[in-house]
Amino acid sequence: MTPKSDVSRKCYGQLCTVSTALDVAGDRWTLLLLRELLGGPARFEELVDGLPGIARNLLSSRLKRLEEDGLVRRVEGGGQLYALTDLGAGARPALEELGFWGVRLTRVAPAVHARSIRAIAMALQAILSRAGAVLPSETSTLELDVDGEHIEVALGPSPTAIARLSVGADARLSVSRETIAKALLGGPFEDEEIVVESGDPTTGPALARSIRAPFERFATT
C-alpha cells in the first residue's frame, strides 16, 4: 500500500517495505494506538485513557489518518467505536513480536503507567497463541475480570482475547491487575492467583499454564 499524499506526513521515501510500514505507522503514538485496537474496539475516551499523555487533538489526528489509510474504521455499538480493518489487524504479528522483544528491554526503559485493559488483552492473546501443546484441545469461552474490567478469552487451539464482557461464558475468572501484569512479563505466578468464580474449575489452572508456557520455553532456548 502506498501512503496517501500528505504534506504533513514524514516519509523515508525508500524502496523498502520496512520503511513503507514506518511511513504509515511510524509516527509517535500510532503503533500504541494500533495496540489498543488489537485488544478490542474502543471509544475515543477509552483510547484517551489507554494512552496516558496523548493530547486529544493528536489522537483525533492519528485516528483520522489511520481511517484515511484504511487501517481503522468506525462502527456502532453502544455509541461510536473505533475498530481495526482487516488491513489494520494485519499488524498483529509484527506488534506481537515487537512486544516479546520488549520484554527483554524492560530494565532499559521501565514502565511508568499501568497497561490499559485493551493492551492487556492484546498481550494476552500474543502469549496464548504461543502456548502450543499446553492449550486445551477444545475451546472454552472465559470471562476474565481484571480488577473490575473484563476480557473475553477463547482458550483453545486458536486462542483469542478481546476487551469486552462475555455473553454465555463457560467460566468466569478473576485476577488482579498486579498478577496479570507480572504474568505478561514472564514473571512467576501460581495457578491459584487466577480465581475461578464460577463454571469449570479446571479453566483457571489451564489459563495459568497457557500463559506460563511460552516464557518457560523461551527460558530453555
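Before any of the text, the structure's been laid out above.
A few points on the structure. Per chain, residue numbering runs from 1 following the sequence as it is written. Where local features are concerned, this predicted model is filtered to residues with pLDDT of at least 70; where side-chain atom pairs are given and counted, the filter is 80 or more; whole-chain, interface and lining totals use all residues. Heavy atoms from the whole structure form the basis of all side-chain values; hydrogens and water molecules are not counted.

## Quick look at the sheet that holds strand 5 (residues 160–162)
Working step 1: Two strands are counted as paired when DSSP detects at least two bridges linking them. Secondary structure follows DSSP: runs of H or I at least 4 residues long count as helices, runs of E at least 2 residues long count as strands, and numbering of each begins at the N terminus. On the basis of which strands lie adjacent, the open sheet formed by 5 strands has the order 5-4-3-6-7 and mixed pairing. Each end of this open sheet is capped by a strand with a single partner; those strands are strand 5 and strand 7 (195–199). Strand-to-strand twist across the sheet, computed as the mean angle between neighbouring axes with direction ignored, equals 25 degrees.
Working step 2: Where strand 4 (residues 149–155) meets strand 5, 3 bridges bridge the pair, whose relative direction is antiparallel. Among the inter-strand pairings, Val-153 is bridged to a residue of strand 5, identified as Ala-161.
Working step 3: Packed onto the sheet, helix 7 (residues 117–128) meets strand 3 (140–146), strand 4 and strand 5 and runs at close to 15 degrees relative to strand 4.
Working step 4: A contact between two residues is defined here by any heavy atoms of the two lying within 4.5 Å. All axes here are fitted lines through C-alpha atoms, helices being fitted over the stretch that makes contact, and every angle between N-to-C directions spans 0 to 180 degrees. Contacts from helix 8 (residues 177–184) reach strand 3, strand 4 and strand 6 (171–175) within the one sheet, and its direction differs from that of strand 6 by about 85 degrees.

## Looking at the pattern of salt bridges
Working step 1: Salt bridges are defined by distance alone: a side-chain nitrogen of Lys or Arg within 4 Å of a carboxyl oxygen of Asp or Glu. Summed over all chains, the structure comprises 15 salt bridges.
Working step 2: Residue Arg-172 is joined to Glu-143 by a salt bridge in which the shortest nitrogen-to-oxygen separation is 2.9 Å. Taken together, the positions of Arg-172 in strand 6 and Glu-143 in strand 3 put the pair 29 residues apart, joining distant regions of the chain.
Working step 3: Exposure classes here rest on a 1.4 Å probe applied to the protein chains alone. A residue is buried below 20% of its type maximum, exposed above 50%, and partly exposed in between. Look at Glu-143 and you get buried, because its relative accessible area is 10%.
Working step 4: One salt-bridge network, held together by shared partners, links Arg-92, Glu-96, Glu-97 and Arg-130.

## A look at the pairing of strand 6
Taken residue by residue, a regular strand's side chains alternate between the two faces of the sheet.
Working step 1: Most of strand 6 is tucked away, with 4 of its 5 residues classed as buried.
Working step 2: The sheet contact formed by strand 3 and strand 6 spans 5 bridges and is parallel. Residue pairing for strand 6: Leu-142 is matched across the bridge by Ala-171.
Working step 3: Pairing of strand 6 with strand 7 involves 4 bridges; the strand directions are antiparallel.

## Remarks on the nonpolar core
Working step 1: Here, the term nonpolar core denotes a set of buried Ala, Val, Leu, Ile, Met, Phe, Trp, Tyr and Cys residues that are joined through side-chain atoms within 4.5 Å. Ranked by internal contacts, the top residues of the largest apolar core, which has 33 residues, are Leu-144, Ile-151, Val-153, Leu-207 and Ile-211.
Working step 2: Residue assignment for this core shows that the elements contributing at least two residues are helix 7, strand 3, strand 4, strand 6, helix 8 and helix 9 (203–219).
Working step 3: The dominant element in this core, judged by the number of residues it contributes, is helix 7, at 8 residues.
Working step 4: With residues near it in sequence (within four places) discarded, Leu-144 still touches Leu-124, Glu-149, His-150, Ile-151, Val-153, Leu-173, Ser-174, Val-175 and Leu-207.
Working step 5: Formed by 22 residues, the second largest nonpolar core is a distinct cluster that contains Leu-33, Leu-37, Leu-47 and Leu-59.

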